[in-house]
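Structural overview
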Amino acid sequence: MPDIPFSIDLAFPTCIPHKYDRHLERRLSSMEGMFLDTQAFKELQSKGDSLMYEVYEIHRPEIPGELLSGISIVHPGKVGNEFFMTKGHFHSVLETAEIYYCLKGEGVMIMENPEGDTSIEPLVPGKILYVPPRWAHRSVCTGRQNDLVTFFIYPGNAGHDYGTIIKRGFRKLIVDSTDGYKSIDNPNWKTG
Ligand code: S6P
Ligand code: ZN
């Protein structure tokens with residue numbers, strides 16, 4: 001059967017799509033080793049397996065020419081001084097870009113490329129963020145009480161490389177500060 005155009009409504013105020021193909025939940029336990037303060041991680045874990053972020057995927061074939069999209073919701077919270085965030089990844093096909101549109105909340109996107117450039121872009125409602133090809137990306141919720149909600153869209157053939165980030169981490173971390181948040185160098189960032 002040939003493809004036909006379709007549209008999807010978002011439920012307000014949550015921004016959860018009325019129709020989606022997959023709902024992913026990422027909890028604290030799946031983020032071991034990703035936060036700087038390992039003691040704070042253990043303490044938080046002893047209180048339960050906090051829900052850090054969720055993704056509602058609108059699935060399409062994972063082939064060139066298609067676009068994959070969905071809604072990402074990062075919940076508010078901190079591990080030590082570091083805000084809740086996504087795992088973050090490079091695309092397996094490095095030369096593929098992504099666009100994020102912020103619908104709700106406050107946060108930032110931490111980005112870096114293999115050449116060692118880094119970038120931290122604020123996410124506030126109405127902001128469109130272009131993540132160029134080659135740049136790893138991680139969303140961070142810096143709001144104290146509200147979810148960070150974004151719509152994302154990227155090429156069908158992009159794929160996800162989580163391994164590089166699991167091994168090395170991101171060069172920059174986002175931590176709490178009197179000004180809201182600040183970025184610091186990751187002392188645990190590994191080369192190679
Ligand atoms: C996929 C896109 C988003 C993320 C989502 C969760 O390329 O960037 O859908 O998958 O924000 O982040 P992560 O790092 O766990 O995939
Ligand atoms: Zn991506």
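Residues numbered from 1 in each chain as written. Chains lettered and ligands numbered in written order. Predicted model: local features only at pLDDT ≥ 70, side-chain atom pairs only at ≥ 80, totals over all residues. Heavy atoms only, no water.

Points about the site of ligand 1
- Near ligand 1 there are 15 residues, and of these Tyr53, Glu98, Tyr100, His160 and Tyr162 occur at the shortest range.
- Take Tyr53: an N or O atom from its side chain is 2.5 Å from an oxygen atom of ligand 1.
- Here an oxygen atom of ligand 1 and a backbone polar atom of Gly88 are 2.8 Å apart.
- If ligand 1 stood free it would expose 390 Å²; the protein chains cover 96% of that surface.
- Of all the cavities here, the one that holds ligand 1 is the largest pocket.
- Elements represented by at least two residues in the shell around ligand 1 include exactly strand S4 (51–58), strand S8 (98–104) and strand S13 (148–155).
- Split by residue class, the shell around ligand 1 holds 6 nonpolar, 7 polar and 2 charged. (Near = heavy atom within 4 Å. Polar contact = N/O pair within 3.5 Å; in protein donor to acceptor, adjacent residues only side chain to side chain. Areas by Shrake-Rupley, 256 points an atom, 1.4 Å probe, with all protein chains shown as cover. 1 Å grid on protein atoms, 1.4 Å probe; cavity = no way out; pocket = protein on both sides within 12 Å on 5 of 7 lines; lining within 4 Å. Sits in = over half its atoms within 2 Å of the grid points. Helix = DSSP H or I, 4+ residues; strand = E, 2+ residues; numbered from the N terminus. Nonpolar A, V, L, I, M, F, W, Y, C, P; charged D, E, K, R; others polar.)

Quick look at the nonpolar core
- Met31, Phe35, Met52, Val79, Leu129 and Val140 are the most contacted members of the largest nonpolar core, which totals 38 residues.
- Mapped onto this core, the elements with two or more residues apiece are helix H1 (38–46), S4, strand S5 (67–74), S8, strand S9 (107–112), strand S11 (128–131), strand S12 (136–141) and S13.
- Examining the composition of this core, we find that 4 residues originate from one element, S9, more than from any other.
- Sequence-distant contacts of Met52, that is, excluding residues within four places in its chain, are made with Arg26, Arg27, Leu28, Met31, Phe35, Ile73, Val74, His75, Val79, Phe84 and Met85.
- Counting 5 residues, the second-largest nonpolar core is a separate cluster that includes Cys15, Ile71, Ile73 and Val149. (Core = buried A, V, L, I, M, F, W, Y, C linked by side-chain atoms within 4.5 Å. Buried < 20%, exposed > 50% of the residue type's maximum accessible area, 1.4 Å probe, protein only. Contact = heavy atoms within 4.5 Å.)

Looking at the sheet that holds S13
- Taken together, 6 strands build an open sheet; the order of strands is S3-S4-S5-S13-S8-S11 and the sheet is antiparallel. The sheet is open, and its two edges are formed by strand S3 (22–27) and S11, each paired on a single side. Adjacent strand axes in the sheet meet at a mean angle of 20°, parallel and antiparallel pairs treated alike.
- With 5 bridges connecting them, S8 and S13 associate as antiparallel partners. Note that in S13 the partner of Lys104 across the bridge is Val149. (Pairing = 2+ DSSP bridges. Axes fitted to C-alpha atoms, helices over the stretch in contact; angles between N-to-C directions.)

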